[in-house]
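Observations on chain architecture
As a plain string of letters, each chain reads:
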Amino acid sequence: MLGKIVTITLLAFSPAALAEQQQCQVECTRVTLRETIVTRSCYDLDAEQCALVAKADTGGQQTCRGYLTTNCVDDR
């Protein structure tokens, strides 16, 4: 019986552990007459907040997108 409880407990924590490893990657592309510049930033946010940050950063000549990844790149 104790073995079953331990197995259930481990399974319950596995998705939470995976979620903590993911970060919000926001990639913004700015297009000018001479060049296209891409910047990347990492944030510790959930998917909904990640999308909101990307939307807030979008405007003018800059377009941003946000998504969750385990391999986040921050070049700012």
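Structure first, text after, so check above.
Keep in mind that this is a model prediction, so the values were computed, not measured. Per-chain numbering applies: the sequence of each chain, read as written, is numbered from 1 onward. Local features in a predicted model are, by the rule used here, given only for residues with pLDDT of at least 70; side-chain atom pairs are given and counted only at 80 or more, and totals for whole chains, interfaces and linings are based on all residues. The basis for the side-chain values is all heavy atoms of the structure; hydrogens and waters are excluded.

Turning to the sheet that holds strand E2 (residues 36-43), a few remarks are in order. Strands qualify as paired when DSSP identifies two bridges or more between them. Helical segments are the DSSP runs of H or I of at least four residues, strand segments are the runs of E of at least two, and each set is numbered from the N terminus. The antiparallel open sheet is built from three strands, whose spatial order is E2-E1-E3. Whereas interior strands pair on both sides, the edge strands pair on one side only; in this sheet they are E2 and strand E3 (62-69). Taken pair by pair, the neighbouring strands of this sheet meet at an average axis angle of 20°, ignoring direction. Pairing analysis gives eight bridges linking strand E1 (residues 23-31) to E3, with the strands arranged antiparallel. Residue pairing in the sheet places Val-26 in a bridge with Gly-66 of E3. Pairs of residues are marked as contacts when any of their non-hydrogen atoms sit within 4.5 Å. Fitted lines through C-alpha atoms serve as axes, helices being fitted only where they are in contact, and the angles separating the N-to-C directions of these axes extend from 0 to 180 degrees. Here helix H2 (residues 47-57) sits on the sheet in contact with E1, E2 and E3, set at roughly 165° to E3.

We call a pair of cysteine sulfur atoms a disulfide whenever their separation is within 2.5 Å. Counted by the stated rule, this structure contains three disulfides. Each sulfur in the disulfide pair Cys-24 and Cys-50 lies 2.1 Å from the other. Residues Cys-24 and Cys-50 are joined through a disulfide that is right-handed, its torsion about the S-S bond being 80°. Here Cys-24 is found in strand E1, whereas its partner Cys-50 is found in helix H2, with 26 residues between them in sequence. Accessible area is worked out with a 1.4 Å probe on protein chains only. A residue is then buried under 20% of its type maximum, exposed over 50%, and partly exposed in between. Its relative accessible area of 0% is what places Cys-24 among the buried residues. Linked covalently through their sulfurs, Cys-42 and Cys-72 form a disulfide whose S-S length is 2.1 Å. With the S-S bond torsion at -120°, the cross-link from Cys-42 to Cys-72 turns out left-handed. Of this pair, Cys-42 sits in strand E2 while Cys-72 sits in the segment after E3, and the two are 30 residues apart along the sequence. Since its relative accessible area comes to 19%, Cys-72 is described here as buried. The disulfide pattern of the protein is 1-4, 2-5, 3-6 when the bonded cysteines are numbered in sequence order.

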